[in-house]
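Take a look at the letters that make up each chain.
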Amino acid sequence: MSETHTTAPVFPPGRYGRRREGGRRRWPFALAVAVFALLLGGLTVAYYDKYGQTDYSPEIVGWSIPSDTRMVIEFRVRVPEGGQAYCMLRARDYDGFEVGRRPVTIPAPADGGSVTVREPVTTTARAAVGDVMGCRAAG
């Protein structure tokens, strides 16, 4: 049985340039990762402020279908004192296709809080389901 000893390669001086040390270039990478993490955190906070939790939270109470071209949607929305809620209502048919849509603006009650509203939506066909697609601050 023979043993083979490995040794580090020997390069002729000046032929391949200067060899670099491995530990010197780690701090720029770490700095880049830290800057990226800060930017990502800032972007997350900005989008959460814009699209995250809202004071204008709608809740469907029910709906009625008085005719083939009309649906009345009843919903409750929380509106902060002195504000107005801009809500988008949608009526869908039995297959789930949108047959009517209507924006409404709801003023806040005197002391703020929840408001229950009944709003009609004109439809192009007989509706089966009423939705509040979302509410946000009016303005």
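Everything quoted here is computed from the prediction, not taken from an experiment. (Residues numbered from 1 in each chain as written. Predicted model: local features only at pLDDT ≥ 70, side-chain atom pairs only at ≥ 80, totals over all residues. Heavy atoms only, no water.)

**Q** When you look at the overall build of the protein chain in this model, what are you seeing that I'm missing?
**A** Helices and strands together make up the secondary structure of the protein chain, namely one helix and six strands. Going from the N terminus to the C terminus, the protein chain shows its helices and strands as α-β-β-β-β-β-β. Against the 2.2 N^0.38 benchmark of 14 Å for 139 residues, the protein chain shows a C-alpha radius of gyration of 32 Å, more extended than a compact globule. Along the first, second and third principal axes, the C-alpha set of the protein chain runs to 95 × 45 × 30 Å. Classification of the 139 residues of the protein chain by burial places 22% in the buried group. (Helix = DSSP H or I, 4+ residues; strand = E, 2+ residues; numbered from the N terminus. Rg over C-alpha atoms; globule rule 2.2 N^0.38 Å. Buried < 20%, exposed > 50% of the residue type's maximum accessible area, 1.4 Å probe, protein only.)

**Q** Explain the side chain of Asp93 here, please?
**A** Inspection of the secondary structure assignment puts Asp93 in the loop between strand S3 (84–92) and strand S4 (98–107). Buried charge without a salt bridge: Asp93, with Arg92 as the nearest opposite-charge side chain at an N-O distance of 7.5 Å. Within the structure, the side chain of Asp93 is placed 2.8 Å from the backbone nitrogen of Phe97, a separation counted as a polar contact. The residues touching Asp93, leaving out its near neighbours within four places in the chain, are Val99, Arg126, Ala127 and Ala128. (Lys, Arg positive; Asp, Glu negative; His and termini not counted. Salt bridge = Lys/Arg side-chain N within 4 Å of Asp/Glu carboxyl O. Polar contact = N/O pair within 3.5 Å; in protein donor to acceptor, adjacent residues only side chain to side chain. Contact = heavy atoms within 4.5 Å.)

**Q** Can you help me understand the sheet that holds strand S2 (residues 70–79) in this one?
**A** Strand order in the open sheet made by the three strands is S1-S2-S5, with antiparallel pairing throughout. Where the open sheet ends on each side, the last strands, each with one partner, are strand S1 (58–67) and strand S5 (113–122). Taken pair by pair, the neighbouring strands of this sheet meet at an average axis angle of 20 degrees, ignoring direction. Relative to S5, S2 runs antiparallel, the two sharing ten bridges. Note that in S5 the partner of Arg78 across the bridge is Ser114. (Pairing = 2+ DSSP bridges. Axes fitted to C-alpha atoms, helices over the stretch in contact; angles between N-to-C directions.)

**Q** When you look at the pattern of salt bridges in this model, what are you seeing that I'm missing?
**A** Proximity of charged atoms lets side chains of opposite charge pair with each other. Taken as a whole and judged by the stated rule, the model has seven salt bridges. Where Asp68 meets Arg126, a salt bridge forms, and the shortest distance between an N and an O atom there is 2.7 Å. Taken together, the residues span a long stretch of sequence, with Asp68 in the loop between S1 and S2 and Arg126 in the loop between S5 and strand S6 (129–137) at a distance of 58 residues. The exposure class assigned to Arg126 is partly exposed, which follows from its relative accessible area of 46%.

**Q** Whenever I open this one, the sheet that holds S4 confuses me. Can you help?
**A** Sheet strands pair by backbone hydrogen bonding; their relative direction is either parallel or antiparallel. Strands sit in the order S4-S3-S6 across an open sheet of three strands; the sheet is antiparallel. Looking at which strands have only one partner, the edges of the open sheet turn out to be S4 and S6. Each strand axis lies, on average, 20 degrees off the axis of its neighbour in the sheet, ignoring direction. Two strands pair when backbone bridges link them, and S3 and S6 are joined in this way by eight bridges, in the antiparallel orientation. Considered in S6, the bridge of Cys87 is made with Cys135.

**Q** Looking at this structure, how should I read the nonpolar core?
**A** The nonpolar side chains of soluble globular proteins are, as a tendency, buried together. Membership of the largest hydrophobic core comes to 19 residues, with the highest contact counts inside it found for Phe75, Val77, Cys87, Leu89 and Ile106. Elements with a contribution of two residues or more to this core: S2, S3, S4, S5 and S6. For this core, the element with the most residues is S2, which contributes five residues. Setting aside its immediate chain neighbours within four residues, Ile106 contacts Phe75, Val77, Val79, Gln84, Ala85, Cys87, Val115 and Val117. (Core = buried A, V, L, I, M, F, W, Y, C linked by side-chain atoms within 4.5 Å.)

**Q** Would you take a moment to explain the pairing of S1 for this structure?
**A** Sheet faces and side chains relate simply in a regular strand, where the side chains alternate between the two faces. One ladder, built from seven bridges, connects S1 with S2; its direction is antiparallel. Each residue of the ladder has a partner; that of Ser64, found in S2, is Val72. Linkage of S1 to S2, two consecutive antiparallel strands, is achieved through a turn of two residues.

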